[in-house]
Amino acid sequence: MKTFGILAGTAGLALMAAMAVSQPALADKLEDLREQGFARVAIANEPPYTAVGADGKVSGAAPDVARAVFKRLGIDEIVASISEYGAMIPGLQAGRHDAVTAGLFMKPERCAAVAYSQPILCDAEAFLVKKGNPGGYRSFADIAKDEAATIGAPGGGTEEKAALEAGVPRDRVIVVPDGQSGLKMLQDGRITVYSLPVLSLNDLKKKSGDDSIEVFAPVEGAPVYCDGTAFRKQDTALRDAYDVELAKMKASGEFAEIIEPYGFSAAAAMSTSREKLCAAK
Ligand code: 6CS
């Protein structure tokens, strides 16, 4: 009986150990990332929000803010992977990313799915159109009214959703993978309008050197959106620690020093809150 008792005891210990390991990692995510030495972040490669250089260097206002905040938390590096906007939250929830630092604008349905930091990058929406905006497109509803018009937008992005909600039929909303593709599709006449936030289209237009296109902004009826760094819902301790350091950077002026050279307004981000943005209709 003694042997059985020992085996049972051993099995019991093994089972307890297995249960302890299989329990959701109760260890603080912040400590995990400090030990990991880097935070895995999702980006889109949409300047000036996020950018990946030919040398692979990650820049853009969102990763630059995240790098600074994580460093203050004892996490020295970020490792970025490019993702479509619509795949960022599923990737975060699946554990492929530790955070989303991509200009992922706060909206109620996203706020329900992730733990956002306080606001970081704010911007209005815009249309890239042929010079003179011959179709007179000033709102998503204008595009809906013109049966011949098509609009390009990122998959799972705010502009795609806004176009559909304004009544643009699904077959006239074209998913565009990135800025260069959207620019080319507009230039080739394969889409009538390409929609991204103002600063993204201004950057794209400027770099294109193409005077046959122009940016119409702001899109009428579309709100000014703000992003935040997004964490998994269960990582609120990490999000709260991130917010403490972000607030210090906003107060010291360091936050403005990072984002304003990219064209973003620190005052705009500091004038609102996650609570307001997540409640906005
Ligand atoms: O949050 C979004 O869905 C949008 N944010 C940016 C920075 N670009 C396009 C995207 O649709």
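Caption draft 1: Quick look at the overall build of the protein chain. Helices and strands together make up the secondary structure of the protein chain, namely 13 helices and 14 strands. Counting only C-alpha atoms and orienting by the principal axes, one finds that the protein chain spans roughly 90 × 45 × 40 Å. A burial count over the protein chain gives 47% of its 281 residues as buried. The long-range share in the protein chain, meaning contacts at least 24 apart out of those at least 6 apart in sequence, stands at 72%. In the form shown here, the protein chain has an accessible surface area of approximately 13,000 Å², with 59% of it arising from carbon and sulfur atoms.

Caption draft 2: Examining the confidence of the model for the protein chain more closely. Taken as a whole, the protein chain shows an average pLDDT of 92; of its residues, 90% reach a score of 70 or greater. Per-residue pLDDT stays below 50 along residues 1-12; that stretch engages in 1 contact with residues further than four places along the chain or on separate chains. In this model, residues 17-26 is a region of pLDDT below 50 whose contacts with residues beyond four sequence positions or in other chains number 0 contacts.

Caption draft 3: How the structure looks around the site of the ligand. If you check the shell around the ligand, you find 14 residues, and the closest are Glu-46, Gly-103, Phe-105, Arg-110 and Glu-159. With respect to the ligand, the backbone of Phe-105 contributes an N or O atom lying 2.8 Å from an oxygen atom. Expressed as a share of its isolated accessible area of 300 Å², the protein-covered part of the ligand is 100%. In a pocket analysis with a 2 Å cut-off to the grid points, the ligand is assigned to the largest cavity. Along the lines of polarity and charge, the residues of the shell around the ligand split into 8 nonpolar, 3 polar and 3 charged.

Rules used in this analysis
The written sequence of each chain sets the order in which its residues are numbered from 1. Local features in a predicted model are, by the rule used here, given only for residues with pLDDT of at least 70; side-chain atom pairs are given and counted only at 80 or more, and totals for whole chains, interfaces and linings are based on all residues. The basis for every side-chain value is the complete set of non-hydrogen atoms in the structure, without hydrogens or water. Labels follow the DSSP assignment, with helices taken as runs of H or I lasting at least four residues and strands as runs of E lasting at least two, numbered in each case from the N terminus. The buried label goes to any residue with under 20% of its type's maximum accessible area, the exposed label to any with over 50%, and the partly exposed label to all in between, with areas taken from a 1.4 Å probe on protein chains only. The contact rule is simple, with two residues in contact once any of their heavy atoms fall within 4.5 Å. In these tables, accessible area is a Shrake-Rupley quantity obtained with a 1.4 Å probe, and a residue counts as shielded only by the protein chains included in the view. In predicted models, pLDDT denotes the confidence assigned by the predictor to each residue on a 0 to 100 scale. The cutoff for a nearby residue is simple: one of its non-hydrogen atoms must lie within 4 Å of the molecule or strand. Here a polar contact is recorded for every N or O atom pair within 3.5 Å, except that within protein the pair must consist of a potential hydrogen donor and a potential acceptor, and residues adjacent in sequence are included only if both atoms are side-chain atoms. Two kinds of site are reported from a 1 Å grid over the protein atoms alone, namely cavities, where a 1.4 Å probe fits but cannot get out, and pockets, open sets with protein on both sides within 12 Å along at least five of seven lines, and residues are called lining when an atom falls within 4 Å of a point. In this description, a molecule resides in a pocket or cavity if more than half of its atoms sit within 2 Å of the grid points defining it. Following the grouping adopted for this structure description, the nonpolar residues are Ala, Val, Leu, Ile, Met, Phe, Trp, Tyr, Cys and Pro, the charged ones are Asp, Glu, Lys and Arg, and the polar ones are all others, Gly among them.

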